[in-house]
Amino acid sequence: MNMHGSITRRNFFKSASAIGAGALIGHEVSSPSQLMAQADGASKPVVIASKNGLQATAKAMTLIQEGADALDAVIAGVNLVEDDPNENSVGLGGLPNEEGIVELDASVMHGPTGRGGCVASLRNIKNPSKVAKVLMERTDHVLIVGEGALRFARAHGFKEENLLTEESRQAWLRWKENLSTTDDWLPPHDIETKGIGMNRGPAYRNHGTINCNAVDLRGGISGCTSTSGLSYKIPGRVGDSPILGAGLYVDNEVGAAGSTGRGEANLLACSSVMVVEFMRQGKSPEEACLQACQRIVDQTKMKRLLDEQGRPKFDVVFYAINKRGQFGAGALWSGERFTVNTGEKDSRQLEMPFLFKRGA
Ligand code: ASP
């Protein structure tokens, strides 16, 4: 048992895949390892995404099979989710900050050229991923935020619009009207303090993001992460999604990794670059993702963030692919899913390997 009394570093891969790998959401039953076996060997195209990425992965794979660059393919896929007003964690219709204003974060990274672009706290532009790509291609910068990012987007002809849908506005209003001691403004506290800041009922707060990574027909690897971030955040709060190394990382010689979930934990661990480095050391994508999850567990020390068994109360999820077209994912907690498309069948959702079983 480790310090949290739950699972050892040595056996968590075994138990995670025993418990967590498995059922296909849909008609057939398959497992990540079976699919990975299919993808094993030669470099094959693959697209992986968060659970909201069914359409995105299908779109990206279609483009890749037509010869598109992986970055163009994943951005086109992510745009479908950014444009969807009913997806309340990304782009148009994303849940707003605590003042009712939608602020979007996104990152892109292009393996073949070793370039990246990121925007954070961008208002009024529904496709932050596209702005991030223009930043990568048309400036010497990597990250641009807030008002400057909006001006940059305007300069490049992006259309401004109100991103707050009626549904998101009402959700925000409900939250605002029910504020208690559970917001992000924490009273003075120390490492022993419990019961503040993490009492966020699912009815009021939500996480959500799309991360989508791909290998194209030329072996080019790219990734994109896009989000409206933590709902009802303090204005200007930036999560992991637009930070290369945290919410996304690509190395064309190794693979790509991205993340969804509690951005603060991921910013402190810089986990996506860690996943890529674990893969460079020979770990499979799944092993690398779960090892990054374990690192987050080890690094979380504030008691207000931990449950009675010393496990993080939050979740972080990783999605990874390697140069050979193998894929894998991992989460702190059970119950997550991810999406994959290997070009042979439709996009499918798979249950995600995990460290801790919910309810146990
Ligand atoms: N990681 C995102 C953030 O912290 C949110 C999420 O994926 O749920 O902004």
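All of these numbers come straight from a predicted model, not from anything done at the bench.

Calculation criteria
Residues numbered from 1 in each chain as written. Predicted model: local features only at pLDDT ≥ 70, side-chain atom pairs only at ≥ 80, totals over all residues. Heavy atoms only, no water. Pairing = 2+ DSSP bridges. Helix = DSSP H or I, 4+ residues; strand = E, 2+ residues; numbered from the N terminus. Core = buried A, V, L, I, M, F, W, Y, C linked by side-chain atoms within 4.5 Å. Buried < 20%, exposed > 50% of the residue type's maximum accessible area, 1.4 Å probe, protein only. Contact = heavy atoms within 4.5 Å. Axes fitted to C-alpha atoms, helices over the stretch in contact; angles between N-to-C directions. Phe/Tyr/Trp six-rings, centres within 6.5 Å; stacked < 30°, edge-to-face > 60°. Lys NZ or Arg CZ within 6 Å of the ring centre and 35° of its normal. Salt bridge = Lys/Arg side-chain N within 4 Å of Asp/Glu carboxyl O. Parallel < 35°, antiparallel > 145°, perpendicular 65-115°, else oblique. Left-handed = near helix turned anticlockwise from the far one by under 90°. Nonpolar A, V, L, I, M, F, W, Y, C, P; charged D, E, K, R; others polar. Expected span 1.5 Å × (residues − 1). Polar contact = N/O pair within 3.5 Å; in protein donor to acceptor, adjacent residues only side chain to side chain.

Asks: Give me the pairing of strand S8 (residues 248-251): which residues, what numbers.
Replies: Strand direction decides the pairing type here: S8 and strand S9 (residues 255-261), joined by four bridges, are antiparallel. Note on S9: the bridge partner recorded for Tyr-249 is Ala-257. Where S8 hands over to S9, the hairpin turn is made up of three residues, counted between the paired strands.

Asks: Lay out the nonpolar core in plain terms, naming residues and giving numbers.
Replies: The tendency in soluble globular proteins is for nonpolar side chains to be buried side by side. By size, the foremost hydrophobic cluster in this structure holds 25 residues, and its most contacted members are Val-275, Met-279, Ile-296, Phe-314, Val-316, Phe-318 and Leu-332. Broken down by secondary-structure element, the contributors of at least two residues to this core are helix H8 (263-269), helix H9 (271-280), helix H10 (285-299), strand S10 (316-322), strand S11 (327-333) and strand S14 (354-356). Residue contributions to this core peak at seven residues, all from H10. If sequence neighbours within four positions are ignored, Val-275 has contacts with Ala-257, Ala-288, Cys-289, Ala-292, Phe-318 and Ala-320. Counting 21 residues, the second largest nonpolar core, distinct from the first, contains Ala-49, Ile-75, Val-81 and Ala-132.

Asks: Run through the sheet that holds S10, naming residues and quoting values.
Replies: Taken in spatial order, the five strands make up an open sheet running S8-S9-S10-S11-S14, and their pairing is mixed. Each edge of the sheet is formed by a strand with only one pairing partner; in this case those strands are S8 and S14. Across this sheet, the average inter-strand angle for adjacent strands is 10°, counted without regard to direction. H9 contacts S8, S9 and S10 of the sheet and is inclined by roughly 145° relative to S9. Relative to S11, H10 is tilted by about 25°, and along the sheet it contacts S10, S11 and S14.

Asks: Provide a residue-level description of the environment of Gln-294, including the pertinent values.
Replies: Mapped onto the elements, Gln-294 comes out in helix H10. For Gln-294, a relative accessible area of 2% gives the class buried. Gln-294 sits 60 residues away from Phe-354 along the chain, and the two C-alpha atoms are 9.8 Å apart.

Asks: Which residues make up the packing of aromatic side chains, and what are the values?
Replies: In total, this model carries two aromatic pairs according to the counting rule given. The positively charged end of Arg-262 is found above the aromatic ring belonging to Phe-314, 5.2 Å away from the centroid.

Asks: Account for the pattern of salt bridges, with residues named and values stated.
Replies: A full pass over the atoms with the stated rule returns 16 salt bridges. Here Lys-44 makes a salt bridge to Glu-344, at a shortest N to O gap of 2.6 Å. Separated by 300 residues along the polypeptide, Lys-44 in the loop between helix H2 (32-39) and strand S2 (46-50) and Glu-344 in the loop between strand S12 (337-341) and strand S13 (348-351) bring together distant segments of the chain. The exposure class of Lys-44 is partly exposed, given its relative accessible area of 24%. Across the pair Asp-216 and Arg-218 runs a salt bridge whose closest N-O atoms are separated by 3.9 Å. Using a relative accessible area of 57% as the deciding quantity, one classes Arg-218 as exposed. Taken together, the salt bridges that share partners define one network made up of Asp-72, Lys-133 and Glu-137.

Asks: Any chance you could break down the packing of helix H3 (residues 54-65) against helix H4 (residues 70-82) for me, citing the residues and the numbers?
Replies: In the contact formed by H3 and H4, the axes pass within 8 Å of each other and the chain directions differ by 150°. Regarding the angle of H3 to H4, the classification is roughly antiparallel. Where H3 crosses over H4, the two elements pack in a sense that is right-handed. Where H3 approaches H4, its residues Gln-55, Ala-56, Lys-59, Ala-60, Leu-63 and Ile-64 are matched on the opposing element by Ala-70, Asp-72, Ala-73, Val-74, Ala-76, Gly-77, Val-78, Leu-80 and Val-81.

Asks: Can you explain the packing of H9 against H10? Please cite residues and give values.
Replies: The N-to-C vectors of H9 and H10 enclose an angle of 135°; their axes lie 8 Å apart at closest approach. The angle between the axes of H9 and H10 places the two elements in the oblique class. Regarding H9 and H10, the two cross each other, and that crossing is right-handed. Contacts between H9 and H10 involve Ser-271, Met-274, Val-275, Phe-278 and Met-279 from the first element and Pro-285, Ala-288, Cys-289, Gln-291, Ala-292, Arg-295 and Ile-296 from the second. When the residues that make up the contact of H9 with H10 are grouped by side-chain class, the tally is nine nonpolar, two polar and one charged.

Asks: Any chance you could break down H10 for me, citing the residues and the numbers?
Replies: Its 15 residues give H10 an end-to-end C-alpha distance of 21 Å, which sits within 8% of 21 Å, the value for a rise of 1.5 Å per residue. For H10, a buried count of 11 out of 15 residues is recorded, marking the element as mostly surrounded by other parts of the structure.

Asks: Any chance you could break down the side chain of Ser-107 for me, citing the residues and the numbers?
Replies: Among the structural elements, Ser-107 can be located in strand S3 (residues 104-110). Given the relative accessible area of 0%, Ser-107 is considered buried. Side-chain polar atoms of Ser-107 contact the backbone oxygen of Ser-241, separated by 2.6 Å. Leaving out residues up to four positions away in the same chain, Ser-107 has contacts with Gly-117, Cys-118, Ala-132, Gly-223, Cys-224, Thr-225, Ser-241, Pro-242, Leu-244 and Leu-248.

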